[in-house]
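Inside the fold
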Amino acid sequence: MTNILEINQLSKSYGDKPILNAFTAQIAKPEMISLLGKSGQGKSTLLRILCRLEAQDQGGIQFHGRSYEEVDPKEWRKKICYVSQQSYMLPGSVEDNLRTVSQLHKTPFDMSFAKELMTSLDLDHMDWNKKSADLSGGEKQRVALVRSLLLRPEILLLDEVTASLDMQSKQAVEKLLQDWQEQEGATCVWITHDLEQAQRLSHRIWFIEGGSLLEDNDSHDFFENPRTESARNYLQLVPKEGRSSCPM
Amino acid sequence: MSYVALSFTLIFVMITMLVSMWQKLDLEKDIAIGTIRSAIQLLLVGYVLMFVFKSNHPIFILAILSVMVSVASWNAGKRGKGLRGIRWRIALSIGCTEVLMMALLLGLQIIEATPQYIIPISGMTIGNAMVVSGLYLNHMKREVESNKGEIETLLCLGASARQAIQDSLKRSVKSSMIPTIDGMKTVGLVQLPGMMTGMIVAGADPVEAVRYQILIVFAFTASAAITSIILSLVSYRLWFTKDLRMAPLRD
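Keep in mind that this is a model prediction, so the values were computed, not measured. (Residues numbered from 1 in each chain as written. Chains lettered and ligands numbered in written order. Predicted model: local features only at pLDDT ≥ 70, side-chain atom pairs only at ≥ 80, totals over all residues. Heavy atoms only, no water.)

Turning to the sheet that holds strand S4 (residues 58–63) of chain A, a few remarks are in order. Residues and elements named next belong to chain A. Spatial strand order, S2-S1-S4-S5: four strands in an open sheet with antiparallel pairing. Each having just a single partner strand, strand S2 (17–27) and strand S5 (66–67) make up the two edges of the open sheet. Bridge analysis of strand S1 (residues 5–14) against S4 gives five bridges, and the strand direction is antiparallel. Across the sheet, the residue bridging to Ser11 is Gln58, located in S4. This element, helix H1 (residues 43–50), spans S1, S2 and S4 of the sheet and lies at about 120° to S1. (Pairing = 2+ DSSP bridges. Helix = DSSP H or I, 4+ residues; strand = E, 2+ residues; numbered from the N terminus. Contact = heavy atoms within 4.5 Å. Axes fitted to C-alpha atoms, helices over the stretch in contact; angles between N-to-C directions.)

Put into structure tokens, the structure is as follows:
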């Protein structure tokens, strides 16, 4: 069976500074993957390359057996969607933002689905006519997530999307993404510094250091018995009972 | 004006140089070069125009217009450093504007089809189109830099290059036209335009001079809009790579 996504020997440098170093991984079935590692190890760069917002220096990516070079970037991004840590609202109202996908692709706007997603993220009382610029940081982050989910991507690349959220909103996002993953059969690759969250939600862990994938492990195994010294050191930076904050 | 009278105008240059020396602006060399260049350029153009007017041959008119478009494109292209192929795109935009303007002016018999009308009016519209092109590129550079997140967000949602940059294009086209529109609103109240002043000084009837000035003001507005819109359409793809990422701009 063809893998959903194959990442082969991705390398990337900024000037003389290597960011990714022959990163190789596969996604065989829809699952939740947490991408862990200290800051500056190439996690965000990896996600941006997977969404083709940046180009790798070497290596390739295959989606359902088709090389990235064979697929139009627009079609690629409809299937593999990146949600950045800093949520950018587009000019106009909340509704304008939610309608972006249907306007871009000239498809009917699924109002009931949008409402359902907004309700899942505790945004059911939000005035859709409100200017997007007037939303709070947490509201922007959640609206941006709903906007991306309306694309119904097969792979969601999430870059610390809960970092700026309060506990209640964070839990709502986690619940929505878990349900989404199960119901839609989607895959989420999630950068987080919240180890408790990673442990709670992920099926798999990708542990990255120095731009290389040091561990690709079952989530339970990774937290109970990490294979590498680097992963053990990384986990020890945060005691088990306090694994809800950044290890840095 | 006699050459003796003309030489007295150097007093203005002397005043500027003295101010520069007094205030230690260090502009004396630039002022000297500017003075010599402008005097030689204008005198040469005077003789060339005299020859073209006498010969009244279309090939010379075309040659002069081509030089004007080329120089204007080269100059405005400096604002688009890092955008490969921007100069020929500016030339195309200004060229199209010029062709359209002349087609209307000559086709509707607003002006006579003689070099005396075609060359000065073309010079003014091409000059204005050059300024508008430079302004457009400046605004676009700023827009793309400050709205990178917004543009990438749209790309992430599967937008095409045009869709992702549409708002920035619109804002830049608008901004590049504002000085021309503002000029239109205040013309005659704040400043008496060069063409009108020149005609009046040369002895023309002021009302006749105003008529031509109105023609120029309206032509400026149209040329600003046409140049800016054509340039935005032919150049927007330069802000992206072939595989639809945002292109890094080299300074």
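Here the focus is the interface of chain B and chain A. Residue-level contacts link 16 residues of chain B with 23 residues of chain A. Both sides of the chain B and chain A interface together cover about 1700 Å² of buried area, and 64% of this is carbon and sulfur. Ranking the residues of chain B by area buried against chain A places Cys156, Leu157 and Arg245 of chain B at the top, with a combined share of 37%. Across the chain B-chain A interface, the total number found is one salt bridge. The closest approach of N and O atoms between Glu152 of chain B and Arg48 of chain A, which form a salt bridge, is 2.9 Å. Our count for the chain B to chain A interface comes out at four residue pairs in polar contact (both at pLDDT 80 or more). Looking at the side of chain B that touches chain A, the elements with two or more residues in it are helix H7 (148–156) and helix H8 (161–186) of chain B. The class makeup of the residues in the side of chain B that touches chain A is six nonpolar, five polar and five charged. (Buried area = accessible area lost by both parts, 1.4 Å probe. Salt bridge = Lys/Arg side-chain N within 4 Å of Asp/Glu carboxyl O. Polar contact = N/O pair within 3.5 Å; in protein donor to acceptor, adjacent residues only side chain to side chain. Nonpolar A, V, L, I, M, F, W, Y, C, P; charged D, E, K, R; others polar.)

Looking now at the packing of aromatic side chains. All names here are of chain A. A full pass over the atoms with the stated rule returns nine aromatic pairs over all chains. Where Phe207 meets Tyr234, the ring centres are 5.2 Å apart and the plane angle is 45°; that geometry is what we call tilted. One end of the pair, Phe207, is in strand S9 (residues 204–209); the other, Tyr234, is in helix H10 (residues 229–236), and 27 residues separate them in sequence. Judged on exposure class, the residue Phe207 and its partner Tyr234 are both buried. The side chain of Arg152 reaches across the aromatic face of Phe113, ending 4.0 Å from its centre. (Phe/Tyr/Trp six-rings, centres within 6.5 Å; stacked < 30°, edge-to-face > 60°. Buried < 20%, exposed > 50% of the residue type's maximum accessible area, 1.4 Å probe, protein only. Lys NZ or Arg CZ within 6 Å of the ring centre and 35° of its normal.)

Under the UniProt annotation, the feature "domain: ABC transporter" (unreviewed entry) is placed at residues 5–235 of chain A. With 38% helix and 26% strand, residues 5–235 of chain A has end C-alpha atoms that lie 27 Å from one another. (UniProt positions renumbered as here; feature names shortened; annotations may be inferred.)

Moving on: helix H2 (residues 10–22) of chain B. Here H2 of chain B spans 18 Å end to end across 13 residues, near enough to the 18 Å set by a 1.5 Å rise per residue. Where H2 of chain B ends, the next residue or the one after it, Lys24 of chain B, has phi of about 55°, a positive value. (Expected span 1.5 Å × (residues − 1).)

Let us look at the nonpolar core. Core analysis: the largest hydrophobic core is formed by 104 residues, its most contacted members being Phe23 and Trp206 of chain A together with Phe240 of chain B. Per element, the largest residue contribution to this core is seven residues, and it comes from helix H6 (residues 115–146) of chain B. With residues near it in sequence (within four places) discarded, Phe240 of chain B still touches Ile151, Leu155, Ala161, Ala164, Ile165, Arg245, Met246 and Ala247 of chain B. By size, the runner-up hydrophobic cluster in this structure holds 17 residues, among which are Val52, Ile61, Ile64 and Met195 of chain B. (Core = buried A, V, L, I, M, F, W, Y, C linked by side-chain atoms within 4.5 Å.)

With that settled, consider the UniProt feature "transmembrane region" (unreviewed entry) in chain B. All names here are of chain B. In the numbering used here, UniProt assigns the "transmembrane region" (unreviewed entry) feature to residues 6–22, 34–53, 59–76, 88–111, 117–137, 186–204 and 210–236. With 100% helix and 0% strand, residues 34–53 has its two end C-alpha atoms placed 27 Å apart. Secondary structure across residues 59–76 divides into 100% helix and 0% strand, with the first and last C-alpha atoms of the span separated by 26 Å.

Residue and element names in this part refer to chain A. Strand order in the open sheet formed by six strands is S6-S7-S8-S3-S9-S10, and the pairing between neighbours is mixed. Every interior strand has two partners, whereas the edge strands, strand S6 (80–83) and strand S10 (212–218), have only one. Strand-to-strand twist in this sheet, taken as the mean axis angle between neighbours without regard to direction, amounts to 20°. Bridge count between S6 and strand S7 (residues 155–159): four bridges; the pairing is parallel. Residue pairing across strands places Tyr82 opposite Leu157, the latter belonging to S7.

Residue and element names in this part refer to chain B. Put simply, helix H4 (residues 58–77) and H6 touch, their axes get as near as 9 Å, and they point 15° apart. As summarised for this structure, H4 and H6 are arranged roughly parallel, according to the angle between their axes. The handedness of the crossing between H4 and H6 comes out as right-handed. Residue-level inspection shows Ile61, Ile64, Leu65, Met68, Val69, Ala72, Asn75 and Ala76 of H4 in contact with H6, the latter providing Pro115, Ile118, Ile119, Ser122, Gly123, Ile126, Met130, Ser133, Gly134 and Leu137. A class-by-class count of the residues in the contact of H4 with H6 yields 13 nonpolar, five polar and no charged. (Parallel < 35°, antiparallel > 145°, perpendicular 65-115°, else oblique. Left-handed = near helix turned anticlockwise from the far one by under 90°.)

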